[in-house]
Amino acid sequence: MAETLTMAKALNDGLRAALAANHKVLLMGEDIGTLGGVFRVTEGLKEEFGENRVLDTPLAESGIIGTAIGLALRGFRPVCEIQFDGFIYPGFDQITSQLAKLTARNEGNQRFPVVIRVPYGGHIGAVEHHQESPEAYFAHTPGLRVVSPATPHDAYWMIQQAIDSDDPVLFFEPKSRYWPKGDVDRAASEMPLHASRLVRTGTDATLVGHGAMVAVLLQAAEIAAEEGTSLEVIDLRSLSPIDYDPILTSVQKTGRLVVAQEAPGHVSVGSEIAATIAERAFYSLQSPVLRVSGFDTPFPPAKLETLYLPDADRVLEAVDRALAY
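Residues numbered from 1 in each chain as written. Predicted model: local features only at pLDDT ≥ 70, side-chain atom pairs only at ≥ 80, totals over all residues. Heavy atoms only, no water.

Caption draft 1: Inspection of the overall build of the protein chain at higher detail. The secondary structure content of the protein chain amounts to 12 helices and 14 strands. Whereas a compact globule of 325 residues would reach a radius of gyration of roughly 20 Å, the protein chain reaches 19 Å, a difference of no more than 12%. Long-range contacts, defined as pairs at least 24 residues apart, comprise 79% of the intrachain contacts of the protein chain with a sequence gap of at least 6. The distance from the centre of the 27 positive side-chain charges to the centre of the 42 negative ones in the protein chain is 4 Å. (Helix = DSSP H or I, 4+ residues; strand = E, 2+ residues; numbered from the N terminus. Rg over C-alpha atoms; globule rule 2.2 N^0.38 Å. Contact = heavy atoms within 4.5 Å. Lys, Arg positive; Asp, Glu negative; His and termini not counted. Charge placed at Lys NZ, Arg CZ, Asp CG, Glu CD.)

Caption draft 2: Region of the structure containing the sheet that holds strand β14 (residues 290–294). Judged by pairing direction, the sheet is mixed, and its five strands sit side by side in the order β9-β11-β10-β13-β14 without closing on themselves. Sheet topology places β9 (197–200) and β14 at the edges, where each strand pairs with a single neighbour. Across the sheet, the mean angle from the axis of one strand to that of its neighbour is 25°, orientation sign disregarded. Pairing of strand β10 (residues 205–209) with strand β11 (residues 231–235) involves five bridges; the strand directions are parallel. By the bridge assignment for β11, L207 is matched with V233. (Pairing = 2+ DSSP bridges. Axes fitted to C-alpha atoms, helices over the stretch in contact; angles between N-to-C directions.)

Caption draft 3: Quick peek at helix α10 (residues 269–280). End to end, α10 covers 16 Å across 12 residues, agreeing with the expected 16 Å (1.5 Å per residue, within 8%). Burial in α10 covers these residues: V269, G270, S271, I273, A274, T276 and I277. On the buried face of α10, the contacting elements are α6 (135–139), β10, β12 (238–240), α9 (245–254), β13 (257–264) and β14. Between the side-chain oxygen at the start of α10 and the backbone nitrogen of G270 there is a gap of 3.4 Å, and the oxygen is on S268. (Expected span 1.5 Å × (residues − 1). Buried < 20%, exposed > 50% of the residue type's maximum accessible area, 1.4 Å probe, protein only. Polar contact = N/O pair within 3.5 Å; in protein donor to acceptor, adjacent residues only side chain to side chain.)

Caption draft 4: Looking closely at the sheet that holds strand β5 (residues 115–120). Strand order across the open sheet formed by seven strands is β3-β2-β4-β5-β7-β6-β12, with mixed pairing between neighbours. Two strands lie at the open edges of the sheet, namely β3 (54–56) and β12, each paired on one side alone. On average, each strand axis in the sheet is inclined to that of its neighbour by 20°, with strand direction left out of account. Here six bridges tie β5 to strand β7 (residues 169–174), and the two strands are oriented parallel to one another. Note that in β7 the partner of R117 across the bridge is F171. Contacts from helix α3 (residues 61–73) reach β2 (25–29), β4 (77–81) and β5 within the one sheet, and its direction differs from that of β4 by about 170°.

Caption draft 5: Region of interest: the side chain of T57. With respect to the element layout, T57 can be found in the loop between β3 and α3. Reaching out from T57, the side chain makes a polar contact with the backbone nitrogen of E30 at a distance of 3.4 Å. When sequence neighbours within four positions are dropped, the list of residues in contact with T57 reads M28, G29, E30 and I64.

Caption draft 6: Local environment of the layout of surface pockets. In this structure, the largest pocket spans a volume of roughly 530 Å³. What lines the largest pocket is a set of 26 residues, and nearest its centre among them are Y89, E132, S133, P264 and T297. In terms of residues, the lining of the largest pocket owes the most to one element, β13, which gives three residues. (1 Å grid on protein atoms, 1.4 Å probe; cavity = no way out; pocket = protein on both sides within 12 Å on 5 of 7 lines; lining within 4 Å. Points joined across faces, edges and corners; volume = space filled by probe spheres on them.)

Caption draft 7: Focus on the nonpolar core. In this structure, I116, L170, I247, L257, I273 and I277 are the most contacted members of the largest nonpolar core, which totals 42 residues. For this core, the secondary structure elements donating two or more residues are β2, α3, α4 (92–99), β5, β7, α9, β13 and α10. For this core, the element with the highest residue contribution is α3, accounting for five residues. Excluding residues that lie within four positions of it along the chain, I247 makes contacts with V208, I234, L236, I242, L257 and I277. Membership of the second largest hydrophobic core comes to 27 residues, among which are M7, L27, L45 and F49. (Core = buried A, V, L, I, M, F, W, Y, C linked by side-chain atoms within 4.5 Å.)

Caption draft 8: Quick peek at the packing of aromatic side chains. As enumerated under the stated definition, the model contains 14 aromatic pairs in all. Between Y156 and W157, the aromatic rings sit 5.2 Å apart at their centres with planes inclined by 80°, giving edge-to-face as the arrangement. Using a relative accessible area of 8% as the deciding quantity, one classes Y156 as buried. Residue class for W157 comes out buried when judged on its relative accessible area of 12%. Seen in terms of ring centroids, F299 and Y308 are 4.9 Å apart; in terms of plane orientation they differ by 55°. Their pairing is tilted. In this structure an aromatic cluster arises from ring pairing among Y89, F92, Y120, Y137, F138 and F172. Its guanidinium or amino end placed over the ring of F76, K24 lies 4.5 Å from that ring's centre, counting from NZ or CZ. (Phe/Tyr/Trp six-rings, centres within 6.5 Å; stacked < 30°, edge-to-face > 60°. Lys NZ or Arg CZ within 6 Å of the ring centre and 35° of its normal.)

Caption draft 9: Highlighting the pattern of salt bridges. Taken as a whole and assessed by the stated rule, the structure comprises 17 salt bridges. For R16, the salt bridge is made with E48, and the minimal N-O distance between the two is 2.7 Å. Here R16, found in helix α1 (residues 7–21), pairs with E48, found in helix α2 (residues 45–49); they are 32 residues apart in sequence, far enough to count as distant. Here R200 ties to E222 by a salt bridge, and the two come within 2.9 Å at their closest N and O atoms. Taken together, the residues span a long stretch of sequence, with R200 in strand β9 and E222 in helix α8 (residues 213–226) at a distance of 22 residues. Several salt bridges share partner residues, and in doing so they unite E3, K9, D13, R16, E48 and R186 into one network. (Salt bridge = Lys/Arg side-chain N within 4 Å of Asp/Glu carboxyl O.)

Have a look at this one:
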């Protein structure tokens, strides 16, 4: 029977299940122990599993990732928290120069099951470095898996699947979706970690997005339905690798695709999807693939975030352009 939980609580329960299932799993990050994390995702876990498995670290992202690599070498499955998206860059070298390459460097004889949790994205009215969407850097990096849940149910299952993975996983958590509630079925047979998911059927155009953008796309589809336009919505769930089959099947039906994301559009996940669909479904397209994204500027002050972040109106404007061809 499904329970109604916030995403923050679903992640907390998923981490608890992983810690209980495998004594080699441990959590590490700034303020995740006694405080329970800035967003309380790790609340109560230090008390339940002890300070040797839920570790408060110094404020040093490079040190956190480097320590996790060493722990993985010794057979542990560390789960690191980067407190906010914009703080990941001090650890960027460890992630992209070391963690991403070590399995290949060892010809597959050594695995590095490190999960890096990253609260990301806007809509929380925060200051600089607290509302970024850096997922494209890591999706571009061979050797890393990159995923992002959009619902509490997916958050509960995907964090456990990420921890079970023998490869490094960047786990991007849309922080604006921490508090809305949704159904979580602990008995459900979960989808594969890297599978895209059809969340709404439609006939006139396909909308694709990930993380917090999925809720925006569903809102746009509801508005369009009132005006007689039928929009299909697909939740990517995984950014590397990307499961293209549901997108291709949908585009072959609708003939139109709009890709939306909070991140800037230049050299982005949305760009990659647009190029791939243009290559693989060219003869099914009735209009160009259109992208809706954050602007190619640094994330603005909080009072301007609603102008920067894509909303349902911007998505529907793109849909109108696609339908006009």
